[in-house]
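Descriptive analysis of the structure
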Amino acid sequence: MSNQLLQALQLLKSKQWVDLTHTFGPNSPHFFMFEDAKFETLFSHDDGFFAQQFTFPGQYGTHIDPPIHFVRDSRYLEELELKELVLPLVVIDKSREAASNHDFSLSVQDIFDFEAQHGVIEAGTFVALRTDWSKRWPDKEAFSNQDMDGHNHIPGWGLEALQFLLKERQISALGHETFDTDSAADFHKNGKLDGEYFVLEQNIYQIELMTNLDKLPAKGAIIFNIVPKPEKASGFPVRSFAILP
(Lines give C-alpha, C1' and ligand atoms only; values in the text may rest on other atoms or scores of the structure.)
Protein backbone atom coordinates (compact mmCIF):
# COMPACT_ATOMS: atom_id res chain seq x y z
CA MET A 1 0.00 0.00 0.00
CA SER A 2 1.34 3.39 -0.85
CA ASN A 3 0.58 6.97 0.14
CA GLN A 4 2.02 10.40 -0.64
CA LEU A 5 4.52 10.26 2.23
CA LEU A 6 5.95 6.91 1.19
CA GLN A 7 6.12 8.06 -2.41
CA ALA A 8 8.00 11.18 -1.29
CA LEU A 9 10.47 9.04 0.65
CA GLN A 10 10.98 6.79 -2.36
CA LEU A 11 11.64 9.88 -4.48
CA LEU A 12 14.15 11.27 -1.97
CA LYS A 13 16.01 7.96 -1.75
CA SER A 14 16.32 7.85 -5.54
CA LYS A 15 18.33 11.10 -5.44
CA GLN A 16 21.99 11.66 -4.59
CA TRP A 17 22.71 12.35 -0.90
CA VAL A 18 25.83 14.31 0.14
CA ASP A 19 27.29 14.29 3.65
CA LEU A 20 28.18 17.84 4.73
CA THR A 21 29.74 16.72 8.03
CA HIS A 22 33.36 16.15 9.02
CA THR A 23 34.27 13.08 11.02
CA PHE A 24 35.86 14.56 14.16
CA GLY A 25 38.11 13.28 16.92
CA PRO A 26 40.64 14.34 19.57
CA ASN A 27 43.06 15.69 16.94
CA SER A 28 40.57 17.62 14.80
CA PRO A 29 40.83 21.39 14.16
CA HIS A 30 38.76 23.45 16.59
CA PHE A 31 38.29 26.98 17.96
CA PHE A 32 41.57 28.01 19.63
CA MET A 33 40.04 28.62 23.09
CA PHE A 34 38.82 25.00 23.37
CA GLU A 35 40.78 21.96 24.49
CA ASP A 36 41.03 18.87 22.32
CA ALA A 37 38.16 16.40 22.55
CA LYS A 38 38.66 13.25 24.63
CA PHE A 39 37.32 9.84 23.58
CA GLU A 40 37.62 7.20 26.30
CA THR A 41 36.67 3.53 26.29
CA LEU A 42 34.56 2.67 29.33
CA PHE A 43 33.90 -0.97 28.43
CA SER A 44 35.31 -3.18 25.69
CA HIS A 45 33.89 -6.28 24.03
CA ASP A 46 35.90 -8.28 26.56
CA ASP A 47 33.49 -6.85 29.16
CA GLY A 48 30.54 -7.95 27.07
CA PHE A 49 29.84 -4.68 25.22
CA PHE A 50 31.65 -1.67 23.77
CA ALA A 51 30.87 1.75 25.31
CA GLN A 52 32.71 5.06 25.22
CA GLN A 53 32.69 8.43 26.95
CA PHE A 54 33.02 11.59 24.89
CA THR A 55 34.21 14.95 26.21
CA PHE A 56 34.12 17.98 23.91
CA PRO A 57 32.72 21.53 23.72
CA GLY A 58 29.32 21.94 22.07
CA GLN A 59 30.99 23.87 19.25
CA TYR A 60 33.21 20.99 18.04
CA GLY A 61 33.45 19.38 14.63
CA THR A 62 30.64 20.25 12.23
CA HIS A 63 28.19 21.81 14.67
CA ILE A 64 25.05 23.87 15.11
CA ASP A 65 24.91 27.24 16.90
CA PRO A 66 21.46 28.16 18.26
CA PRO A 67 20.78 31.82 19.19
CA ILE A 68 21.71 31.31 22.88
CA HIS A 69 25.34 30.72 21.85
CA PHE A 70 25.83 34.50 21.64
CA VAL A 71 22.56 36.13 22.71
CA ARG A 72 21.22 36.19 26.27
CA ASP A 73 17.61 35.09 26.90
CA SER A 74 17.27 33.56 23.44
CA ARG A 75 16.54 30.05 22.18
CA TYR A 76 18.47 27.00 23.28
CA LEU A 77 19.19 24.13 20.91
CA GLU A 78 16.18 22.11 22.09
CA GLU A 79 13.87 25.02 21.20
CA LEU A 80 14.66 24.91 17.48
CA GLU A 81 11.69 23.44 15.66
CA LEU A 82 12.13 20.33 13.54
CA LYS A 83 10.94 22.04 10.36
CA GLU A 84 13.62 24.72 10.81
CA LEU A 85 16.27 22.03 10.45
CA VAL A 86 15.19 21.04 6.92
CA LEU A 87 15.43 23.85 4.38
CA PRO A 88 16.00 24.63 0.69
CA LEU A 89 19.75 25.08 0.18
CA VAL A 90 21.61 27.86 -1.64
CA VAL A 91 25.40 27.66 -2.07
CA ILE A 92 27.42 30.79 -2.87
CA ASP A 93 30.75 29.64 -4.33
CA LYS A 94 33.65 31.92 -3.45
CA SER A 95 36.30 29.21 -3.41
CA ARG A 96 38.43 30.87 -6.09
CA GLU A 97 38.42 34.19 -4.26
CA ALA A 98 39.25 32.53 -0.92
CA ALA A 99 42.13 30.64 -2.52
CA SER A 100 43.77 33.84 -3.75
CA ASN A 101 42.81 35.96 -0.72
CA HIS A 102 42.69 34.15 2.62
CA ASP A 103 41.20 37.30 4.19
CA PHE A 104 38.25 37.26 1.79
CA SER A 105 35.00 38.62 3.24
CA LEU A 106 31.72 38.20 1.37
CA SER A 107 30.17 41.51 0.25
CA VAL A 108 26.69 42.58 -0.82
CA GLN A 109 28.05 42.94 -4.36
CA ASP A 110 29.09 39.28 -4.25
CA ILE A 111 25.45 38.41 -3.49
CA PHE A 112 24.21 40.56 -6.40
CA ASP A 113 26.72 38.84 -8.67
CA PHE A 114 25.44 35.44 -7.54
CA GLU A 115 21.82 36.46 -8.09
CA ALA A 116 22.58 37.80 -11.56
CA GLN A 117 23.66 34.29 -12.50
CA HIS A 118 21.33 32.10 -10.43
CA GLY A 119 18.30 34.25 -9.59
CA VAL A 120 17.23 35.99 -6.41
CA ILE A 121 17.89 34.14 -3.15
CA GLU A 122 14.48 33.10 -1.89
CA ALA A 123 13.15 33.76 1.61
CA GLY A 124 13.21 30.79 3.97
CA THR A 125 16.36 29.24 2.52
CA PHE A 126 19.60 28.02 4.11
CA VAL A 127 22.54 29.86 2.52
CA ALA A 128 26.00 28.26 2.67
CA LEU A 129 29.24 30.05 1.85
CA ARG A 130 31.61 27.80 -0.08
CA THR A 131 35.30 28.66 0.34
CA ASP A 132 36.77 25.12 0.08
CA TRP A 133 38.43 25.78 3.44
CA SER A 134 37.13 22.35 4.48
CA LYS A 135 39.73 20.76 2.18
CA ARG A 136 42.33 21.71 4.81
CA TRP A 137 40.68 19.32 7.31
CA PRO A 138 42.03 17.64 9.44
CA ASP A 139 45.30 19.64 9.36
CA LYS A 140 45.15 21.99 12.37
CA GLU A 141 47.90 24.30 11.15
CA ALA A 142 46.48 24.62 7.65
CA PHE A 143 43.00 25.23 9.03
CA SER A 144 44.12 27.97 11.45
CA ASN A 145 46.44 29.49 8.81
CA GLN A 146 48.46 31.70 11.14
CA ASP A 147 51.13 34.12 9.97
CA MET A 148 54.49 34.77 11.69
CA ASP A 149 52.76 37.11 14.17
CA GLY A 150 50.19 34.47 15.14
CA HIS A 151 47.28 36.11 13.28
CA ASN A 152 44.82 33.83 11.48
CA HIS A 153 43.95 34.41 7.84
CA ILE A 154 40.58 32.71 7.27
CA PRO A 155 37.74 33.81 4.94
CA GLY A 156 34.18 34.54 6.07
CA TRP A 157 30.98 36.52 5.76
CA GLY A 158 31.00 40.32 5.76
CA LEU A 159 28.58 41.98 8.19
CA GLU A 160 26.80 44.01 5.49
CA ALA A 161 26.27 40.86 3.42
CA LEU A 162 24.74 39.12 6.44
CA GLN A 163 22.49 42.10 7.13
CA PHE A 164 21.34 42.04 3.51
CA LEU A 165 20.62 38.28 3.49
CA LEU A 166 18.72 38.32 6.78
CA LYS A 167 16.85 41.61 6.46
CA GLU A 168 16.29 41.95 2.70
CA ARG A 169 16.24 38.31 1.58
CA GLN A 170 14.87 36.93 4.86
CA ILE A 171 16.83 33.69 4.80
CA SER A 172 16.19 31.19 7.62
CA ALA A 173 19.70 29.87 8.42
CA LEU A 174 23.26 29.86 7.12
CA GLY A 175 26.46 27.87 7.19
CA HIS A 176 30.15 27.93 6.31
CA GLU A 177 33.29 25.78 6.24
CA THR A 178 35.31 27.77 8.79
CA PHE A 179 35.42 28.10 12.60
CA ASP A 180 33.57 31.42 12.67
CA THR A 181 31.01 33.43 10.74
CA ASP A 182 33.27 36.47 10.42
CA SER A 183 36.49 36.46 8.45
CA ALA A 184 39.56 36.43 10.70
CA ALA A 185 40.56 39.83 9.26
CA ASP A 186 37.24 41.36 10.36
CA PHE A 187 37.63 39.77 13.81
CA HIS A 188 41.12 41.25 14.22
CA LYS A 189 39.91 44.65 13.01
CA ASN A 190 36.80 44.79 15.23
CA GLY A 191 38.02 42.76 18.20
CA LYS A 192 34.78 40.77 18.24
CA LEU A 193 32.56 38.56 16.08
CA ASP A 194 30.03 41.17 14.96
CA GLY A 195 28.69 39.01 12.12
CA GLU A 196 28.10 35.95 14.28
CA TYR A 197 26.35 38.01 16.96
CA PHE A 198 24.14 39.64 14.33
CA VAL A 199 23.12 36.29 12.84
CA LEU A 200 22.18 34.71 16.15
CA GLU A 201 20.46 37.90 17.29
CA GLN A 202 17.97 37.33 14.45
CA ASN A 203 16.75 34.20 16.31
CA ILE A 204 18.07 31.77 13.70
CA TYR A 205 20.79 29.11 13.80
CA GLN A 206 23.96 28.49 11.81
CA ILE A 207 26.10 25.46 10.94
CA GLU A 208 29.88 25.75 11.19
CA LEU A 209 32.73 23.61 9.83
CA MET A 210 30.71 22.23 6.93
CA THR A 211 32.30 20.14 4.19
CA ASN A 212 31.59 18.89 0.65
CA LEU A 213 29.94 22.13 -0.45
CA ASP A 214 31.87 21.68 -3.71
CA LYS A 215 29.58 18.74 -4.50
CA LEU A 216 26.40 20.82 -4.41
CA PRO A 217 24.58 22.94 -6.99
CA ALA A 218 24.07 26.66 -6.42
CA LYS A 219 20.34 26.04 -5.95
CA GLY A 220 17.85 23.19 -5.84
CA ALA A 221 19.17 20.95 -3.05
CA ILE A 222 17.64 20.46 0.40
CA ILE A 223 19.66 20.47 3.63
CA PHE A 224 18.90 18.35 6.71
CA ASN A 225 20.58 19.25 10.01
CA ILE A 226 20.12 16.32 12.39
CA VAL A 227 21.23 16.92 15.96
CA PRO A 228 20.79 15.46 19.48
CA LYS A 229 18.61 17.25 22.03
CA PRO A 230 20.68 17.96 25.17
CA GLU A 231 19.01 20.11 27.82
CA LYS A 232 19.73 23.87 27.75
CA ALA A 233 22.50 23.41 25.18
CA SER A 234 24.49 26.25 23.58
CA GLY A 235 25.32 24.07 20.57
CA PHE A 236 26.26 20.53 19.61
CA PRO A 237 27.93 18.49 16.86
CA VAL A 238 25.44 17.98 14.04
CA ARG A 239 24.96 15.56 11.14
CA SER A 240 24.24 17.79 8.18
CA PHE A 241 23.55 16.37 4.75
CA ALA A 242 22.00 17.47 1.47
CA ILE A 243 19.74 15.78 -1.05
CA LEU A 244 20.45 16.88 -4.60
CA PRO A 245 17.72 17.71 -7.12
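Residues numbered from 1 in each chain as written. Predicted model: local features only at pLDDT ≥ 70, side-chain atom pairs only at ≥ 80, totals over all residues. Heavy atoms only, no water.

By the naming in an unreviewed UniProt entry, the chain goes by Cyclase and is assigned to Lysinibacillus fusiformis.

Another point: the packing of helix α3 (residues 108–118) against helix α5 (residues 159–168). Where α3 meets α5, the axes come as close as 8 Å, and the angle between the chain directions of the two elements is 50 degrees. With respect to their mutual orientation, α3 and α5 come out oblique. The residues of α5 that touch α3, namely those facing V108, I111 and F112, are E160, A161, F164 and L165. When its residues are assigned to classes, the contact of α3 with α5 shows six nonpolar, no polar and one charged. (Axes fitted to C-alpha atoms, helices over the stretch in contact; angles between N-to-C directions. Helix = DSSP H or I, 4+ residues; strand = E, 2+ residues; numbered from the N terminus. Parallel < 35°, antiparallel > 145°, perpendicular 65-115°, else oblique. Contact = heavy atoms within 4.5 Å. Nonpolar A, V, L, I, M, F, W, Y, C, P; charged D, E, K, R; others polar.)

On the surface, L42, F43 and F49 cluster together to form a nonpolar patch covering roughly 280 Å² of accessible area. By the secondary structure assignment, L42 is in strand β2 (residues 38–43). (Patch = residues over 30% accessible without salt bridge, like charges linked within 9 Å, V, L, I, M, F, W, Y side chains within 5 Å. Areas by Shrake-Rupley, 256 points an atom, 1.4 Å probe, with all protein chains shown as cover. Salt bridge = Lys/Arg side-chain N within 4 Å of Asp/Glu carboxyl O.)

Approximately 280 Å³ is the volume attributed to the largest pocket. Considering the residues around the largest pocket, the lining is formed by 16 residues, among which F32, N152, I154, F179 and D180 are closest to the centre. When its residues are assigned to classes, the lining of the largest pocket shows seven nonpolar, seven polar and two charged. Considering only enclosed or pocket space, the second largest pocket measures out at about 230 Å³ in volume. In this structure, the second largest pocket is lined by 16 residues; those nearest its centre are I92, D93, F114, Q117 and H118. Secondary structure elements with two or more residues in the lining of the second largest pocket: β5 (86–93), α2 (95–100) and α3. With five residues, the top contributor of residues to the lining of the second largest pocket is α3. Considered class by class, the residues forming the lining of the second largest pocket number six nonpolar, three polar and seven charged. (1 Å grid on protein atoms, 1.4 Å probe; cavity = no way out; pocket = protein on both sides within 12 Å on 5 of 7 lines; lining within 4 Å. Points joined across faces, edges and corners; volume = space filled by probe spheres on them.)

Secondary-structure assignment places Q163 in helix α5. For the pair Q163 and G195, spaced 32 residues apart in the sequence, the C-alpha separation amounts to 8.5 Å.

Take the packing of α5 against helix α7 (residues 194–201) next. The interhelical angle for the contact between α5 and α7, taken along N-to-C directions, is 10 degrees, at an axis separation of 9 Å. Between α5 and α7, the interaxial angle falls into the category roughly parallel. Where α5 abuts α7, its residues L159, L162, Q163, L166 and K167 lie against D194, G195, F198 and V199. Residue composition of the contact of α5 with α7, by class: five nonpolar, two polar and two charged.

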